[in-house]
Amino acid sequence: MERPLQPRIRTHINHVKSFRLKLFGGAVLEDESGIVGGRAAHRRRLALLALLAVGRGPTVGRERLMALLWPEKDDENARHLLSESLYVLRKRLGEGALVAAGNELGVDPAVVACDVAAFDEAIAAGREETAVGLYAGPFLDGFYVDDAPEFERWAEGERDRLARAYAEALETLAERREGEGEWKAAAEWWRRLFRHDPYKEPVVLRLMTALEATGERAEGLKVAAEHVRLMREDLGAKPSPAVEQLAERLRSDPGPAEAPARAPSPPISVPVPVIVAAPEPDPPAADPVAGQGTAEEVGDGDAIISTMPQAGDAIAPDDAIPVTRRRRRPLMPLLAAAAVLAATAAAVWVRLRPQDAAAGVTVAVFSFEAAGDARDAPADAGELQGLFSSAFTLVPGLWTVDATPRTEARGWREVPLEELKSAARAKGARYAAVPEVISTSPLRISVSVREVQGWTQVARESSAPGEPPGGAVQRIGLRLARAVAQREHIDVGPAAYLLTASDSAAALSHFMLGTSSFRAGDPAAAAQEFRAAVKADPLCLLASHRLSVVLTWSPEWKFKEALQAVDSGLAHRDQARSIDVQLLEAQRLLIVRHGSEAVQRFTRITVNDPSMLDGWFGKGEAVFHFEGMLGGRPEDALSAFEQVVRMDSTYSPVYEHLSEIAIRLGDRERAERYAPRVRSPEAPQYQLGVALRFGDDDERASMLAALDTTGRSTVSNVARIFSFDPRMVDTLGTLLMRRSEVDDRRWGASFRIAALTAQGKWPRALQIWRTLPPAPFDKWLVHARLAGYPSPEGDEMLRYARTFVEEEGPDFGVLNARTRDPFRAVVHLALLQGDSAEVAFLLQRLDAAEPAAGAWNPEPGALRATLRARQALLAGDTATAIRRLQEALERAPWWISAFAPLADAAPERLLLAQLLAAQGRPSEAEIWLNSFGNVGAVGDLIYRPAVERLRAQIRARRPAAAAHPAPRRAAAHATR
């Protein structure tokens, strides 16, 4: 979508659009007289204009432009080339075409109109017909920039995004015409979508149905025949029974058809699944083997561990990284236990939010006091006051201060009014919040807000019968904050949609308690409160959404339950708010791991409603977990997560990902800012990571000493954070191998296998592994064997896996990976060297096991596509093999692959890159090579040497290939 430039840099809004940048179907710059040529039309300068016109924000940083367009130049040369390009463009387009704000650059849409920006704007505004009229072909089709693989990766991602948006717009138009009974118009839209993607069965069925409704049965049969031909020739697949049955009906019933009121064919959206199994967490698990042996027998002189103190001198972890639990005095029995977590979140908010009262309106908050039939103030009046303030200050521009008079009187009710007003004015407050406890059995609360000057009441809110007190205080605080904001003409911001999440006070209170628990790092308590909110009001879809989020954040990764929460909410979609339905639909895509679509859906939400905090959080989650397989990096989620922080800095779950991103980027300032704000039990691993990444020698040695005595899971998670640094992973593996527990040592050896292999030291890695007690199957050693590192043990383990599969097969209905890893290994081996009989046998095993898998689990379908790719290779059909591998990777279950190397689809990714490179498609091959190291899998280190060899080969051939760029398909399922 076209993002308007910020007012501070938009200086040419009165200019008439005199240039047109057309990026659909190629890259052309036009003015009134036709196509612009000369130096301004140089490929790299057109690429620069494309980046500025289609960027994710109003401006793009100079460093990012330099990295995308001149990656092989040093900073000085790249900056000079960028300045030269800007000079040439400004000379041809005019000084006002490009605008700058500090280190940021943008293009003024009033001077240079872009078809892609207009397309995005039309999509966001719901003008689908205008949008599809602008789509003249794939984004930058056939356009190539020499020696700029990062630009190519960006272009591929945009190309896929726009193709999907175009398909969705066509679908919307077709369904709209169906709903209006305009079958001829609907058929034309379906036909255009069929031309765009002729492989999608639901589209074929909808087009055939629409043609039948208009009496054009012969045309419907032609569509079916074309679909069948393409499926057989391009994909090597049989047509679906539904298409064949509909075609048979059209052939056997040639009479005139009566147009149905609505299409009977299946919808294109993902159907509601039958949930069978729970997700597989795949945590580090030891093989049940006892034995002896130590890592010291095969030490390495170049490991970082050489700087670490001896274990006997190690600093205790609590001394190195304080991980203390804040003591709280118990709440009164009538307060819900979750209010404790809410109070913790309130304390976090007080620490994190910049205390700049001069920039907003200050509200003085007095203590909670008894009134009416209440004899005494509640024992935890201070907790209630903190909860109220935490909710009140969710509105940007509002600040609260404690103005309780410090007198000998019992409370503010016994203080003269003038003294109360004086106390508020002394705090610089314009308003005063006056809370009262109406009764303590049950606890009932009422709060009024008054203007300090005349003590006139602005608004008053009370808790409802049965409403949980902790949530009631927050709900009241938020509603009163909105009243003050409206009076002061302050934008309520992201708090606005929270208040409209439900008409039920009880539901809203439970919802806010759940949010507070999630902020405090307790997903179990949060889930309990969100369930209570949904029970109180089934139409509170925002609670259903956040319930699904916390379930995926639980230590067990409860994808099955998360999907149930989403589907339960969507059952009420007809009565609910549109934005909440959109959130649940996007969350559903994330849960079932349709990564690219999830990113696009959440992005659309943030474009349509930038105040939607959950949209930004969902976008960040989708990008962080999926962008690595889509040609991007987890670090690309930085902007979305930081937007969440700007909207609500107490939303502490984002700080886990922000800390990891900062460590990966080498951004010390961000890392030191975000790591201390992590509120979950995993907080120590991020603070340790910051010290190891940025500390001096003494600090790093101290942190390593602390890790030497921490639990294995903490060490493992630090290794995951540092999966980009094989030396650090090797050091952490060495720490674990120093221990006496076989389980610890086995995991240490696993990390060392990955780290040493990445450094070209496979013999040493194998020697280290042999110091452990023998095991019938070790997924890390098998992973190395599949990557091309031979060992007798690895061969024997693959034979064991083959026998295991023959006798038992996989079980997709259990959490334990014991049955899956052998099957994964055999499938990967079959992909690389299996014959047709082996592939057929594995497909039979897969068909028998798949019914136990839930809809959240994409692995059976991914493994089937892998085996179909091998069938295509055996038939000499490389094109089909590529498409099958893309299908296998589209929903690869690598979300849980950090410590599950056989689940990260590494063989498929490398083979796909090899096939694409062999076909002269280097840019697409680079996308998959870049996925190694960007999916959070420690096992990817094992593939690093092979990835670098292939990357070097591609770059060596790049100049010759650049002269003849490979054509790209326009279909929505084209390579990402």
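In what follows, the structure referred to is the one given above.
This section reports on the structure supplied with the text. (Residues numbered from 1 in each chain as written. Predicted model: local features only at pLDDT ≥ 70, side-chain atom pairs only at ≥ 80, totals over all residues. Heavy atoms only, no water.)

**What about the environment of leucine 874?**
Positionally, leucine 874 belongs in helix α37 (residues 859–874). Of the residues examined, leucine 874 reaches a relative accessible area of 41% and is grouped as partly exposed. Between the C-alpha atom of leucine 874 and that of aspartate 835, which follows or precedes it by 39 residues, the distance is 7.5 Å. Apart from the residues lying within four places of it in its own chain, the contact partners of leucine 874 are Gly834, Asp835 and Ser836. (Helix = DSSP H or I, 4+ residues; strand = E, 2+ residues; numbered from the N terminus. Buried < 20%, exposed > 50% of the residue type's maximum accessible area, 1.4 Å probe, protein only. Contact = heavy atoms within 4.5 Å.)

**A short note on the sheet that holds strand β3 (residues 34–35)**
With mixed pairing, the four strands of this open sheet are ordered in space as β3-β2-β1-β7. The sheet terminates laterally at β3 and β7 (112–114), the two strands that pair on one side only. The pairing of strand β1 (residues 19–22) with strand β2 (residues 28–31) spans three bridges and is antiparallel. Directly across from lysine 22, in β2, lies its bridge partner valine 28. (Pairing = 2+ DSSP bridges.)

**Side note on helix α7 (residues 183–196)**
For α7, with 14 residues, the first-to-last C-alpha span of 20 Å sits near the 20 Å given by 1.5 Å per residue. Listing the buried residues of α7 in full gives Trp183, Ala186, Ala187, Trp189, Trp190, Arg191, Leu193, Phe194 and His196. (Expected span 1.5 Å × (residues − 1).)

**Concerning helix α40 (residues 922–931)**
In an α-helix, one full turn covers 3.6 residues, which means residues spaced three or four apart are oriented alike. Among the 10 residues of α40, 10 are classified as buried, and the element is accordingly described as predominantly covered. Once α40 ends, the next one or two residues include glycine 933, with phi positive near 95°.

**Thoughts on the environment of tryptophan 928**
Inspection of the secondary structure puts tryptophan 928 in helix α40. Residue classification places tryptophan 928 among the buried positions, given a relative accessible area of 4%. Separated by 19 residues in sequence, tryptophan 928 and arginine 909 have C-alpha atoms that sit 5.8 Å apart.

**Overview of the packing of aromatic side chains**
Aromatic rings in a pair are described by how distant their centres are and how their planes are angled relative to each other. Applying the stated criterion across every chain yields a total of 20 aromatic pairs. Between tryptophan 747 and phenylalanine 751 the ring centres are 5.8 Å apart and the planes differ by 55°, which places this aromatic pair in the tilted class. With tryptophan 747 and phenylalanine 751 both in helix α31 (residues 742–758) and four residues apart, this pair spans about one turn of that helix. Assessed through its relative accessible area of 0%, phenylalanine 751 is described here as buried. Linked through ring pairs, Phe24, Phe119, Tyr135 and Tyr166 together constitute an aromatic cluster. (Phe/Tyr/Trp six-rings, centres within 6.5 Å; stacked < 30°, edge-to-face > 60°.)

**Some thoughts on the packing of helix α19 (residues 541–553) against helix α21 (residues 578–591)**
α21 packs onto α19 with a crossing angle of 20° between their chain directions and a minimal axis gap of 9 Å. Relative to α21, the element α19 is oriented roughly parallel. Two packed elements cross with a definite hand, and for α19 against α21 that hand is left-handed. Contacts between α19 and α21 involve Leu541, Leu542, Ser544, His545, Ser548, Val549 and Thr552 from the former and Asp580, Val581, Leu583, Leu584, Gln587 and Ile591 from the latter. (Axes fitted to C-alpha atoms, helices over the stretch in contact; angles between N-to-C directions. Parallel < 35°, antiparallel > 145°, perpendicular 65-115°, else oblique. Left-handed = near helix turned anticlockwise from the far one by under 90°.)

**Looking at unusual backbone geometry**
Even without glycine at this site, leucine 140 takes up a positive phi of about 50°. Mapping leucine 140 onto the fold places it in the loop between α5 (128–134) and α6 (149–179). The exposure class of leucine 140 is buried, given its relative accessible area of 1%. The backbone of alanine 905 sits at a positive phi, close to 55°, despite the residue not being glycine. Position of alanine 905 relative to the elements: it lies in the loop between α38 (878–890) and α39 (906–918).

**Structural notes on the sheet that holds strand β6 (residues 104–107)**
Hydrogen bonds between backbone groups are what pair the strands of a sheet, and the pairing can be parallel or antiparallel. Spatially, three strands are ordered β4-β6-β5 in an open sheet, and the strand pairing comes out antiparallel. At either end of the open sheet lies a strand with only one pairing partner, and these are β4 (60–61) and β5 (98–101). Alignment of β4 against β6, held across two bridges, turns out to be antiparallel. Across the sheet, valine 60 pairs through a bridge with leucine 105, a residue of β6. Contacts from helix α3 (residues 75–93) reach β5 and β6 within the one sheet, and its direction differs from that of β5 by about 135°.

**A few points about the packing of helix α2 (residues 62–69) against α6**
Angle between the axes and distance between the axes are the two parameters that describe a pair of packed helices. The N-to-C vectors of α2 and α6 enclose an angle of 100°; their axes lie 5 Å apart at closest approach. In terms of their interaxial angle, α2 and α6 are classed as roughly perpendicular. Contact with α2, carried on its side by Arg64, Ala67, Leu68 and Leu69, involves Glu150, Phe151 and Trp154 of α6 and no other residues of that element. Looking at the contact of α2 with α6 residue by residue, the class counts come to five nonpolar, no polar and two charged. (Nonpolar A, V, L, I, M, F, W, Y, C, P; charged D, E, K, R; others polar.)

**Topic: a negative patch on the surface**
A cluster of like negative charges, contributed by Asp696, Asp697, Asp698 and Glu699, occupies part of the molecular surface. Relative to the assigned elements, glutamate 699 resides in helix α28 (residues 697–707). For glutamate 699, a relative accessible area of 34% puts it in the partly exposed group. (Patch = residues over 30% accessible without salt bridge, like charges linked within 9 Å, V, L, I, M, F, W, Y side chains within 5 Å. Areas by Shrake-Rupley, 256 points an atom, 1.4 Å probe, with all protein chains shown as cover. Salt bridge = Lys/Arg side-chain N within 4 Å of Asp/Glu carboxyl O. Lys, Arg positive; Asp, Glu negative; His and termini not counted. Charge placed at Lys NZ, Arg CZ, Asp CG, Glu CD.)

**A few points about the pairing of β1**
The alternating pattern of β1 places Phe19 and Leu21 on a buried face, while none of Arg20 and Lys22, on the opposite face, is buried. Relative to β7, β1 runs parallel, the two being bridged by three bridges. Note that in β7 the partner of leucine 21 across the bridge is cysteine 114. Connecting the antiparallel pair β1 and β2 is a turn made up of five residues, with glycine 25 showing a positive phi of about 80°.

**Describing the pattern of salt bridges**
One pass over the structure, following the stated rule, counts 63 salt bridges. Here glutamate 838 ties to arginine 802 by a salt bridge, and the two come within 2.8 Å at their closest N and O atoms. Taken as a pair, glutamate 838 in helix α36 (residues 836–849) and arginine 802 in helix α34 (residues 792–807) lie far apart in primary sequence, 36 residues in all. When its relative accessible area of 22% is taken as the criterion, arginine 802 is described as partly exposed. Across the pair arginine 951 and glutamate 926 runs a salt bridge whose closest N-O atoms are separated by 3.4 Å. Taken together, the residues span a long stretch of sequence, with arginine 951 in helix α41 (residues 944–962) and glutamate 926 in helix α40 at a distance of 25 residues. With respect to class, arginine 951 is no different from glutamate 926; both count as buried.

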